[in-house]
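Next come the chains, spelled out residue by residue.
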Amino acid sequence: MPAHIICLSGPEGVGKDSILRQVCVQLPNLSVGAKATTRMRRPDDWDEALGRWKYHYVDMDEFMSKRSSGEIVEHSQNGTGGLYGSQVDLDTDGIEIRDIDVNGALQLAGKSSLSVDFPRVTLVGIVPPHTSHPDFLEESASPVELFRGFVGRDDARELVVAEMQEVITDRLLKRGDSPEIIAMKLARSSWEIPEILRTWQHVVVNDDLAVAVGVVTRIAKAVMHAEDENIGFWIHSL
């Protein structure tokens, strides 16, 4: 089982896949964790950048058997149908980077009743930008600070989440998601975004993809060189 997992998580439509692929181009020695699903394979599941299918495709019985044996270490279900989970090689030891939804990340990090005991998990939350003028946020210098200690600013917190959801909506529409699927994903993002801003170890605002990739690459390098305890908290924001 991997000794350390770098977990990229965030609401759907925030750009986790794009960031992960480009980080792996920058760090070719960094392993990408495998994922399993019970849904049918789709043509767009082929990942050109990594040269492989995005998932291992299994039936429900095999999926639950792997979950029971510990080979699948977290799982969830989303609106596209089927179960999804992180699949690990129980005989290997190393560092992996994974794209996992917020619920799965909570499981890996020991914050869920379904949690497994990993030696190390580095949580890197990816969130969209917001557009509020700094004067509205008053003393808060960033959305992270707003969610981690400013009492009585529910109005500002709600506005920041709503503005981030507007960005997600626009990206999902451009991706071709149906209104029904978008509504479901936004409902999840209403708790995913605050959870990341309140508790995640690292938060990266994906406004400029190249900058976001650079920040995540630096975090991954620190983990690979056993320096992540010393790099502190990262946030890129406007």
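Here's the deal with helix H1 (residues 16-26)
Consideration 1: Those residues of H1 not exposed but buried are Lys16, Ile19, Leu20, Val23 and Cys24. Taken end-on, H1 shows its buried residues confined to a sector of 130°, consistent with a single buried face.
Consideration 2: Of the surrounding secondary structure, the elements contacted by the buried residues of H1 are strand E1 (4-9), strand E2 (31-32), strand E9 (95-99), strand E10 (121-127) and helix H8 (209-224).

Some points on H8
Consideration 1: Here H8 contains 16 residues, and its C-alpha end-to-end distance of 22 Å stays within 8% of the 22 Å for a straight helix at 1.5 Å per residue.
Consideration 2: Residues of H8 that are buried: Ala212, Val213, Val215, Val216, Thr217, Ile219, Ala220, Ala222 and Val223.
Consideration 3: The inward-facing, buried residues of H8 contact E1, H1, E9, E10 and strand E11 (202-205).
Consideration 4: Between a side-chain oxygen at the N-terminus of H8 and the backbone nitrogen of Ala210 the separation is 3.0 Å; the capping residue is Asp208.

Here we look at the sheet that holds E10
In a beta sheet, neighbouring strands are held together by backbone hydrogen bonds and run either parallel or antiparallel to one another.
Consideration 1: Taken together, the 5 strands give an open sheet; going across it, the order is E2-E9-E1-E10-E11, and neighbouring strands pair in parallel fashion. The open sheet is flanked by E2 and E11, the only strands paired with a single partner.
Consideration 2: Two strands pair when backbone bridges link them, and E1 and E9 are joined in this way by 5 bridges, in the parallel orientation. Bridge assignment links His4 to a residue of E9, and that residue is Ile95.
Consideration 3: This element, H1, spans E1, E2, E9 and E10 of the sheet and lies at about 150° to E9.

Calculation criteria
Residues numbered from 1 in each chain as written. Predicted model: local features only at pLDDT ≥ 70, side-chain atom pairs only at ≥ 80, totals over all residues. Heavy atoms only, no water. Buried < 20%, exposed > 50% of the residue type's maximum accessible area, 1.4 Å probe, protein only. Helix = DSSP H or I, 4+ residues; strand = E, 2+ residues; numbered from the N terminus. Arc of directions from axis to C-beta. Contact = heavy atoms within 4.5 Å. Expected span 1.5 Å × (residues − 1). Polar contact = N/O pair within 3.5 Å; in protein donor to acceptor, adjacent residues only side chain to side chain. Pairing = 2+ DSSP bridges. Axes fitted to C-alpha atoms, helices over the stretch in contact; angles between N-to-C directions.

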